[in-house]
Amino acid sequence: MNKFEPKIIGFLCNWCSYEGADTCGRSRKEYPSNIRVVRVMCSGRVDPQFVLEAFHKGADGVLILGCHPGDCHYKEGNINAMKRFALMKNMLRQFGIEDERVRLEWVSASEGERFAQIVSEMVEKVRILGPIPGKIRNDN
Amino acid sequence: MKDSESAEGRIGVFICECGPNIRDTMDIPGIREYAARLRGVVLARQVPLLCSGEGQAAIRDDIVQHSLTRIVIAACSPREHEHTFKKVLTDAGLNPFLMQFVNIREQCAWVIRDKSVATRKAKALIRAAAGRVALHEPLEIRRIDYQMDVLVAGAGIAGIYAALTLARKGRKVYLIEKSPVIGGKVAQYEKVFPNLECASCMLDPVLDNILHNESIELLTLSEVRDVVGYFGNFSVTVSEKARYVDAATCIGCGACVDACPVSVLNEFNGGLDYRKAISIPYPGSLPHIAVIDKENCLHFHDRSCSTCSEACPFGSVNFEDTGRIREVKTGAIILATGFDVFDPARAPAFGYGKISNVYTSLQFERVVNSTGPTEGKILMTNGKPPSSIALVHCVGSRTREFNEYCSGICCMNTLKFARMIREQIPDCSITEFFTDFCLPGKASQEFLNNMPDSLKPEFIRIKSADTVALSEEKGAISLSYEDVNGIIKQGLFDMAVLSVAVEASRDARDIAGVFDIPLGRDGFFQEEHVKLSPVSTVKDGVYIAGCAQGPKDIQSSVAQGVAAAGLVLSRLIPGEKMAIEPMIAAVDETLCSGCRVCAGLCPYKAITYNEKENVAVINDVLCRGCGVCASACPAAAINARHFTDKQVMAEIAGLLEQVNEQV
Amino acid sequence: MTTKPKIALYWCSGCGGCEESVIDMAEDILKIADAADIVFWPVALDFKYEDVEKMADGEIAATLINGAIRLDNQEHEAKLLRRKSRFIIAHGSCAHLGGVVGLANFSAKKEIFKRVYREVPSVLNTQGILPESLTLESGKEMELPAFHDTVKALNQVIEVDYYIPGCPPVPDQIRDAVLAVVKGDPPPDGHVFADTKALCNTCSRNASKPDKLQIKEFRRLYDSEWDPEKCFLPQGIICLGLATRGGCGERCIKANMPCRGCFGPPGNVVDQGAKFLSAIASLMEPYESSEIERLAASIPDPAGLFYRHSLASSIMRGRISE
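Quick caveat: nothing in here was measured; it's all calculated off a predicted structure.

**Some points on the overall build of chain B**
Helix and strand counts for chain B stand at 18 helices and 34 strands. Taking the principal axes of the C-alpha coordinates as reference, chain B spans close to 100 × 65 × 45 Å. Evaluated residue by residue, chain B yields a buried proportion of 49% over its 663 residues. Within chain B, counting contacts between residues at least 6 apart in sequence, those at least 24 apart form 70% of the total.

Below you can see the structure in the form of structure tokens.
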């Protein structure tokens, strides 16, 4: 039986979380290949349109990773990400996208283990939820 | 074929085997074939080691021979080698931003065991990169002229060393000092630890240097009122208060001081004695010029008195002085505005201000100073030397109620006092009430250890400074405290010295406001990074040094002053132009409605609102390229170069295209 | 005698407000009549579908279609008019973006039918009948238009040349659009007959904004009083003007009501709701996560508010359907 393999898009900030993912790689710690990473300079660059576009193009989940509050390379970009995320989550719920499908987490450059853990957890949670039910309403 | 000819351009994909690292974990030939078929790709090559000389040469040659206009590099992490390949592109005549770097090692080969799964992921990543890179634009690195002069605010030890370092090779420095004299707190000390060196002997030659340095323009009685601009091009408005004495002719003879009929408390001696309305702050102060305190001068009340002017043999008194406003252009700013101390009146238990013979450590510095109110003699208010002195540590420090941090210098300072008291009054009983002893640095522990028993004070470890209470008892000071076991004990003393916390200066907030830099939680100026950027701030070109950044000793203040100067010297280089980061944001004025959402968001204050044109303007020198404004803009009027909406969306689409295949 | 160019007007799922706005052109409608012949306008004139079917392809110079597409006869007619017209102009918010009608995309067809035909207290439907496209009754076939699962904007069904935004549109802009097209001076493809920039560009309250725009609390209109001269946002009232194309003359603002976004997103934006969300979130004052969440939760219906007129043409288009 073919297990459902969720597609997760991850937005990783250049300074902390992307480096954290690299750290994970350097220690050869495996994690599910379901995640596809888009590198941005700061989690504050993640426009809600990107998240919606990801779902629209077939993602089953979206993960946004940034620096821990107080550590943002650009001072408070991650706080902006947090604000948008709080509102976006409520809105996505109205679109029928469950909370577990969109996550915002803080991963520092040294937290390779944590990165792998977050990805694994998310993949499993989204796997249980299944693919986005039906289709996003577009025939185009 | 030119870049502009087709949107996709001619894309070359280079896949690195990275030795066995990537080669053995996925089907590279298969990936290469796949890449070759992608839209816009005219060449796909597999290379054993791309970062090697041969690898780089292969890319360079291919760019030229195949007229490639966009490059995809699939290899290790971009954080490892992006700069390497940017240089390769530049050498081949291609703009370095026409490249997209794909991480198929750290985030693919090294974390996926199944070869076919790794291969599939690598294909998706490369496909996404090809879609993205087709939309890349060449970015130019702009270079601009900048100002060489530097402004140093604060002529304490940190500011002085910053100024002297900068002035070594003739760099023009504007040294601004709020008070009428230079030297800051160090000029108020008699001796400094750990070697009990004479402070003025140490400091005076340095101060002299400042006064006679041709590159340093000293402005006393001056403060910065406004700052406009950015690193390399600041425009600073300095307001100089009137001194009412002509600095060029006054020789500091003091005749005016003797003649003046008005006496007020002398703030330079911590309010322990009096000065006149016209004064020279303390004997030996530099610059050695009189100054009139307008608030207390009779002449300014009712024009009734001109005694000082009449007494002056050189006619240096000038009641018509109005001060002046100056605008100076500088490339960088160093803030070394020093500190204030905790006011123990805020903790009534210490009896400060109510009980006689209770001093702060700063006041006591004046007491033991030969230029102080008692010419250096330790005397009680009744004129007699004390037979017992209590030295209380941690007043206002290490307590949730006032300041949680340890000031780091008071323990050494108190030990210094103990030595000085013992030298002056050999049979004075000295008791140090401490919680912990903080003695960092090479010579500090030694200072305590090497104290002969005969010179040592009595050390009493107490539960905390919060448990200390002073009260008056029969003309003496009764000091009660809780010892480490919580038992309340008490002692009688003739005099008490409270080692008060080093605090941010009272006008730190105002100064931070003018310079647009943040304050930390404890009110000191916030450094850019606590470990790696201790003298920089988030405002590019504004540096901080000395106790303005946080409590520290003289050595560290000097180090920071020199460090800040060093950073300035390494960035403002005569003849060089400043390169501006190209991956920044830009406002499209045809789309910007002037809604002003972005202007308040930028932590670097790079965005301003042009009221006349009703649009936002981004300063390309200050912008650091985080992209927060671009995503916040509700009209998508801000272009985040190299991370545009279209580029990111193309990448997302590419990553998800395999709808029919299993991940 | 030269024949005047032909124009047509058609309505789909709408409220009739767009038709009203045509009438609101007042005397200017004579300018239209001078310049063109109206050959099809169900609400006002007695031409039939068959009249349109008989025309040659491209015979109509321009057709204004208002209302969103929900029923298959609307789709059919839109496609017919597309064939017969040189230019199609999406007229009004519903045709442009799906409009308020598009908010139905938060519900599935099944839910809508159940609610409308069975659950609503004022409906008496003891047999629980639901509409069908084809019904046999007394040996006769009766057809009803099929009800689509999803509300669509006009350009999701046919190619649209121009757009007149607004709910309702501004009569002057309707006049300008029609005249531009029939007088042979058509603007570039995809042109929207309004400003390119967002509303703040022309809003008189923009100057009253503080240097640092911040929102401490979100307030609801029904229990608030606000300063009628100052920008809504710093007062905590959500105004979509930031993310809405200008050109309406700030009719709502002048009536002391915040903008509801009916002109759709400004020139460069695809998804109005997402962009507005990004801006308004960034303006929230708190830094601490629980405070941020509390403030975000105080907006009871972000999707409905931010996408009030543009849901059907947004990236998600509506609630995910089963």
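**Comments concerning the overall build of chain A**
Summing up its helical and strand segments, chain A has four helices and four strands in all. Listing every helix and strand of chain A by position from the N terminus yields β-α-β-α-β-α-β-α. At 15 Å, chain A has a C-alpha radius of gyration in line with the 14 Å of a compact globule built from 140 residues. Dimensions of chain A, computed from the C-alpha atoms along their principal axes, are close to 40 × 35 × 25 Å.

**Some points on the sheet that holds strand 4 (residues 102-106) of chain A**
All names here are of chain A. Read from one edge to the other, the open sheet built from four strands follows the order 2-1-3-4, with strand pairing classed as parallel. The two strands at the open ends of the sheet, each matched to only one other strand, are strand 2 (35-40) and strand 4. Averaged over all pairs of adjacent strands, the angle between their axes in this sheet comes to 20°, without regard to strand direction. The pairing of strand 1 (residues 8-13) with strand 2 spans six bridges and is classified as parallel. Across the sheet, the residue bridging to Phe 11 is Val 38, located in strand 2. Packed on one face of the sheet, helix 1 (residues 17-26) meets strand 1, strand 2 and strand 3 (61-66) and runs near 110° to strand 1. Along the sheet, helix 2 (residues 48-56) contacts strand 1, strand 3 and strand 4; its crossing angle with strand 3, the most-contacted strand, is approximately 150°.

**Some remarks on helix 10 (residues 289-297) of chain C**
Of the residues making up helix 10 of chain C, those classed as buried are Ile 292, Leu 295 and Ala 296 of chain C. Burial along helix 10 of chain C is one-sided: seen end-on, the buried residues are contained in an arc of 100°. In this structure, the buried side of helix 10 of chain C is in contact with helix 3 (77-94) of chain A.

**Things to note about the interface of chain A and chain B**
On the side of chain B, 36 residues touch chain A, which itself brings 38 residues to the contact. Top contributing element to the side of chain A that touches chain B by residue count: helix 1 of chain A, with six residues. Considering only residue class, the side of chain A that touches chain B consists of 14 nonpolar, nine polar and 15 charged.

**Side note on the packing of helix 3 of chain A against helix 10 of chain C**
Their axes nearest at 9 Å, the elements helix 3 of chain A and helix 10 of chain C cross at an angle of 40°. Classed by the angle they form, the pair helix 3 of chain A and helix 10 of chain C counts as oblique. Between helix 3 of chain A and helix 10 of chain C lies a crossing of right-handed hand. Taking contact as the criterion, the partners of Met 82, Lys 83, Ala 86, Leu 87 and Asn 90 of chain A in helix 3 of chain A are, on helix 10 of chain C, Ser 289, Ile 292, Glu 293, Ala 296 and Ala 297 of chain C. Looking at the contact of helix 3 of chain A with helix 10 of chain C, its residues break down into six nonpolar, two polar and two charged.

**As for the domain arrangement of chain B**
All names here are of chain B. For chain B, the domain assignment lists domain 1 (3-139), domain 2 (150-241 + 323-338 + 505-571), domain 3 (255-311), domain 4 (340-503) and domain 5 (581-641). Centre-to-centre separation of domain 2 and domain 4, based on C-alpha positions: 30 Å. Contacts between the two partners involve 15 residues from domain 2, matched on the other side by 22 residues from domain 4. Looking at side-chain class alone, the side of domain 2 that touches domain 4 contains six nonpolar, three polar and six charged residues.

**What to know about the pairing of strand 2 of chain A**
All names here are of chain A. Counting buried positions along strand 2 gives six out of six residues, so the element sits mostly inside the fold. Burial of strand 2 is two-sided: the residues Ile 35, Val 37 and Arg 39 facing one way and the residues Arg 36, Val 38 and Val 40 facing the other way are all buried. On the question of chirality, the crossover connecting strand 1 to the parallel strand 2 by way of helix 1 is right-handed.

**Some details on the nonpolar core**
All names here are of chain B. Among the nonpolar cores identified, the biggest contains 339 residues, and Ala 74, Ile 334 and Leu 335 are the most heavily contacted of them. Apart from the residues within four sequence positions on either side, Leu 335 is in contact with Ala 153, Gly 154, Ile 511, Phe 515, Phe 525, Val 542, Tyr 543, Ile 544 and Ala 548. Formed by 15 residues, the second largest nonpolar core is a distinct cluster that contains Cys 250, Cys 256, Cys 308 and Val 317.

**Structural notes on the interface of chain C and chain B**
On the chain B side, the residues contacting the 24 residues of chain C number 17 residues. Its residues assigned to classes, the side of chain C that touches chain B comprises eleven nonpolar, eight polar and five charged.

**Considering the environment of Asp 271 of chain C**
Structurally, Asp 271 of chain C can be placed in the loop between helix 8 (251-254) and helix 9 (272-282). When the C-alpha atoms of Asp 271 of chain C and Ala 146 of chain C are compared, they prove to be 29 Å apart, with 125 residues separating the residues in sequence. Setting aside chain neighbours within four positions, we find Asp 271 of chain C in contact with Gln 49 and Leu 52 of chain A together with Ser 314 and Ile 315 of chain C.

**Considering the sheet that holds strand 11 (residues 222-230) of chain B**
Residues and elements named next belong to chain B. Read across the sheet, three strands follow the order 11-12-17 without closing on themselves; strand pairing throughout is antiparallel. Each edge of the sheet is formed by a strand with only one pairing partner; in this case those strands are strand 11 and strand 17 (324-330). Each adjacent strand pair in this sheet contributes to an overall mean axis angle of 20°, direction not counted. In terms of strand pairing, strand 12 (residues 233-240) meets strand 17 through seven bridges, oriented antiparallel. Each bridged residue has a counterpart across the sheet, and for Thr 237 the counterpart in strand 17 is Glu 327.

**Some details on unusual backbone geometry**
Leaving glycine out, the prevailing phi sign among residues is negative, and the prevailing peptide bond configuration is trans. Following Phe 193 of chain B, the chain continues into Pro 194 of chain B via a peptide bond in cis, with omega recorded as 5°. For Pro 194 of chain B, the position within the fold is in the loop between strand 8 (191-192) and strand 9 (197-198). The residue Arg 28 of chain A is not glycine, and still its phi comes out positive at about 60°. Structurally, the position occupied by Arg 28 of chain A is in the loop between helix 1 and strand 2. Backbone geometry places Lys 75 of chain A, a non-glycine residue, at a positive phi of 75°. Position of Lys 75 of chain A relative to the elements: it lies in the loop between strand 3 and helix 3.

**Some details on the environment of Trp 106 of chain A**
Residues and elements named next belong to chain A. Following the sequence through the fold, Trp 106 ends up in strand 4. On a C-alpha basis, the gap between Trp 106 and Glu 5 in space is 25 Å, while along the polypeptide they are 101 residues apart. The residues contacting Trp 106, other than those within four sequence positions of it, are Gly 66, Cys 67 and His 68.

**Overview of the confidence of the model for chain B**
All names here are of chain B. Scored by pLDDT, chain B comes out at a mean of 93, with 98% of its residues at no less than 70. Residue range residues 1-5 is modelled with pLDDT below 50. Its contacts to residues more than four positions away, or to other chains, number six contacts. For residues 659-663, every residue scores under 50 in pLDDT, and the model assigns this stretch eight contacts once sequence neighbours within four places are set aside. In the predicted assembly, ipTM is 0.96 and pTM is 0.79.

**Concerning helix 15 (residues 508-515) of chain B**
Residues and elements named next belong to chain B. For helix 15, the full list of buried residues reads Ala 508, Ile 511, Ala 512 and Phe 515. Viewed along the axis of helix 15, the buried residues span an arc of 100°, placing them on a single side of the element. Structural note: helix 15 exposes Arg 509, Asp 510 and Gly 513 on the side pointing more than 90 degrees away from its buried face. Where the residues of helix 15 are buried, they touch strand 11, strand 18 (332-335), strand 28 (502-504) and strand 29 (542-544). Where helix 15 terminates, the next one or two residues include Asp 516, which has phi positive at roughly 65°.

**Overview of the packing of helix 2 (residues 28-36) of chain B against helix 6 (residues 115-133) of chain B**
All names here are of chain B. Closest axis-to-axis distance for the helix 2/helix 6 pair is 10 Å, and the angle between their directions is 30°. With respect to helix 6, the element helix 2 is oriented roughly parallel. Crossing angle aside, the handedness with which helix 2 passes helix 6 is right-handed. Along the contact surface, helix 2 presents Gly 30, Ile 31, Tyr 34 and Ala 35, while helix 6 presents Thr 119, Ala 122, Lys 123 and Ile 126.

Criteria and cut-off values
- Residues numbered from 1 in each chain as written.
- Chains lettered and ligands numbered in written order.
- Predicted model: local features only at pLDDT ≥ 70, side-chain atom pairs only at ≥ 80, totals over all residues.
- Helix = DSSP H or I, 4+ residues; strand = E, 2+ residues; numbered from the N terminus.
- Buried ≥ 20, exposed ≤ 12 C-beta atoms within 10 Å, placed from the backbone.
- Contact = placed C-beta atoms within 7 Å.
- Rg over C-alpha atoms; globule rule 2.2 N^0.38 Å.
- Pairing = 2+ DSSP bridges.
- Axes fitted to C-alpha atoms, helices over the stretch in contact; angles between N-to-C directions.
- Arc of directions from axis to C-beta.
- Nonpolar A, V, L, I, M, F, W, Y, C, P; charged D, E, K, R; others polar.
- Parallel < 35°, antiparallel > 145°, perpendicular 65-115°, else oblique.
- Left-handed = near helix turned anticlockwise from the far one by under 90°.
- Domains from an automatic or database assignment.
- Right-handed = clockwise from strand over helix to strand, strands pointing away.
- Core = buried A, V, L, I, M, F, W, Y, C linked by C-beta atoms within 7 Å.
- pLDDT = per-residue confidence, 0-100.

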